[in-house]
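# A look at the structure
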Amino acid sequence: MECLFCEIINGSIPSECIYEDELVYAFNDIDKQAPIHFLIVPKEHIKSADELSEKHKELIGHIFLVAKNLCGKFGLENGYRIVNNCKEDGGQTVNHLHFHVLGGRSLNWPPG
Ligand code: 5GP
Ligand code: ZN
């Protein structure tokens, strides 16, 4: 199975890890769109948000708490954005569920 983020999680592709626990791995995006831009991915290979089910409820809650705690650590008290791009029309390019966390500048809305 070839999955870029599974290979990042298992260390065969290097990344700038900022947080890790038994459920998730967080690392800086290689193409930052803001001064702070990292990704939080579940260690379980889930293709997209569209593949989520009841059994993932705790995992998704955990991901949002990890995001909040990391944003506190990075001093983003003025705000930040958590984004999930889902499947083709959502702009997903890596088919392993991930949440972008962006901050450190004022972000535009709506996205294009
Ligand atoms: P998506 O477009 O699927 O929502 O987001 C995929 C993200 O993964 C993009 O923001 C892209 O910059 C990031 N990305 C793609 N390849 C790599 C990589 O090899 N290393 C890291 N750290 N990020 C990557
Ligand atoms: Zn994967």
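To keep things clear, this report deals only with the structure shown in the data block.

About the criteria used
Residues numbered from 1 in each chain as written. Chains lettered and ligands numbered in written order. Predicted model: local features only at pLDDT ≥ 70, side-chain atom pairs only at ≥ 80, totals over all residues. Heavy atoms only, no water. Buried < 20%, exposed > 50% of the residue type's maximum accessible area, 1.4 Å probe, protein only. Helix = DSSP H or I, 4+ residues; strand = E, 2+ residues; numbered from the N terminus. Pairing = 2+ DSSP bridges. Donors = N, O, S within 2.8 Å, 3.2 Å for Na, K, Ca; no water. Tetrahedral: all angles 85-135°; square planar, octahedral: opposite > 155°, others 65-115°. Phe/Tyr/Trp six-rings, centres within 6.5 Å; stacked < 30°, edge-to-face > 60°. Contact = heavy atoms within 4.5 Å.

Below, the discussion takes up the pairing of strand 3 (residues 36-42). Of all seven residues in strand 3, seven are buried; the element is thus mostly enclosed. Going residue by residue along strand 3, you find Ile36, Phe38, Ile40 and Pro42 tucked away on one face and His37, Leu39 and Val41 tucked away on the opposite face as well. Here strand 2 (residues 24-28) pairs with strand 3 via five bridges, running antiparallel. Paired with Val24 across the two strands is Pro42, which belongs to strand 3. Relative to strand 5 (residues 99-103), strand 3 runs antiparallel, the two sharing five bridges. Looking at the pairing, Leu39 lines up with His100 of strand 5.

We now examine the pairing of strand 2. Most of strand 2 is tucked away: five of the five residues are buried. On strand 2, burial covers both faces: Val24, Ala26 and Asn28 on one face and Tyr25 and Phe27 on the other are all buried. With three bridges joining them, strand 1 (residues 17-20) and strand 2 adopt antiparallel strand pairing. Paired with Cys17 across the two strands is Phe27, which belongs to strand 2. In this structure, the hairpin formed by strand 1 and strand 2 is closed by a connection of three residues.

Before going further, it helps to examine the coordination of the zinc ion (ligand 2). Looking at the zinc ion (ligand 2), one finds its protein donor set to be Cys3 (SG), Cys6 (SG), His45 (ND1) and His96 (ND1), positioned 2.0 to 2.3 Å from the metal centre. Given four donor atoms and angles of 104 to 117° at the metal, the environment of the zinc ion (ligand 2) is assigned as tetrahedral.

Turning our attention to the packing of aromatic side chains. Each aromatic ring pair is described using two quantities: the centre-to-centre distance and the angle formed by the ring planes. Inspection of every chain in the model, using the stated rule, returns four aromatic pairs. Geometrically, the ring pair formed by Phe5 and Phe27 is edge-to-face, given 5.5 Å between the ring centres and 80° between the ring planes. On the criterion of sequence distance, the pair formed by Phe5 in helix 1 (residues 4-9) and Phe27 in strand 2 is long-range, its members being 22 residues apart. Measuring from ring centre to ring centre gives 5.7 Å for Tyr25 and Phe27, while their planes differ by 40°; the resulting arrangement is tilted. Judged by relative accessible area, Tyr25 falls into the buried class, the value being 7%. The class of Phe27 is buried, set by a relative accessible area of 3%. Members of the aromatic cluster, joined through ring pairs, are Phe5, Tyr25 and Phe27.

What follows deals with the side chain of His98. Here His98 shows up in the loop between helix 3 (87-90) and strand 5. Residue class for His98 comes out buried when judged on its relative accessible area of 5%. In this structure, His98 is in contact with Phe5, Leu39, Ile40, Val41, Val83, Asn84 and Gln92, ignoring residues within four places of it in sequence.

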